[in-house]
Amino acid sequence: QVQVVESGGGLVQPGGSLRLSCAASGSISSVSVMAWHRQAPGKQRELVATLTNSGRTNVVDSVKGRFTISRDNAKSTVFLQMNSLKPEDTAVYYCTVFSAGRNYWGQGTQVTVSS
C-alpha cells in the first residue's frame, strides 16, 4: 500500500506562482512513476506532468514552459512548480503514484487562479 498526500494549493492571481507537493509513504520501493493530474470544473481529468523513477520528465503542451515537475533526493516527494498561472489552470490537482502495478491517488488540492 502507498499513501499519497498533496499540499500547496490555494488562490493566486493570474501570472502568479504556486508549488504543489506530493508526499508518498508506505511501500514506495517499487514506485516507477509519479505524476500530476488535474480536473477543471465541467471537464475531464487530464494528465499534466510525469516523472519516472529514472528521472525522465514530461509535461502536457498546455503547461510547457510554465510548469516543472521534480522530486526530492529520497524520491518520496514530488513537486509541481507552477509559474505564470492562468485562469484556465484552475482545477483540482491530483498526485498519483504508480507502484507494483497499481496507481494510487491522493485526495487532491484546489488551485484557483483569479483576480
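Preceding this paragraph is the structure being described.
Residues numbered from 1 in each chain as written. Predicted model: local features only at pLDDT ≥ 70, side-chain atom pairs only at ≥ 80, totals over all residues. Heavy atoms only, no water.

1. Overview of the pattern of salt bridges
No. 1: The full count for this structure, using the stated rule, is four salt bridges.
No. 2: Across the pair arginine 38 and glutamate 46 runs a salt bridge, and its minimum N-O distance is 2.6 Å.
No. 3: Between arginine 66 and aspartate 89 there is a salt bridge, and its shortest N-O distance comes to 2.7 Å. Here arginine 66, found in the loop between β6 (57–59) and β7 (67–71), pairs with aspartate 89, found in the loop between β8 (77–82) and β9 (91–99); they are 23 residues apart in sequence, far enough to count as distant. Both residues of the pair, arginine 66 and aspartate 89, belong to the buried class.
No. 4: Because the salt bridges share partners, they merge into one network encompassing Arg38, Glu46, Arg66 and Asp89. (Salt bridge = Lys/Arg side-chain N within 4 Å of Asp/Glu carboxyl O. Helix = DSSP H or I, 4+ residues; strand = E, 2+ residues; numbered from the N terminus. Buried < 20%, exposed > 50% of the residue type's maximum accessible area, 1.4 Å probe, protein only.)

2. Topic: the state of the cysteines
Working definition of a disulfide: a covalent bond connecting the sulfur atoms of two cysteines.
No. 1: Under the defined criterion, the tally for this structure stands at one disulfide.
No. 2: Disulfide pairing is shown between cysteine 22 and cysteine 95; the S-S distance is 2.0 Å. Since a negative S-S torsion denotes a left-handed disulfide, the cysteine 22-cysteine 95 link at about -75 degrees is left-handed. Linking cysteine 22 in strand β3 (residues 18–26) with cysteine 95 in strand β9, this pair joins segments that are 73 residues apart in sequence. (Disulfide = S-S within 2.5 Å.)

3. Here's the deal with the pairing of β3
No. 1: Note: strand β1 (residues 2–7) against β3, six bridges, orientation antiparallel. When the bridges of β3 are listed, glutamine 3 appears paired with serine 25.
No. 2: Both β3 and β8 contribute to a ladder of six bridges, which runs antiparallel. For cysteine 22, the partnering residue across the bridge sits in β8 and is valine 78. (Pairing = 2+ DSSP bridges.)

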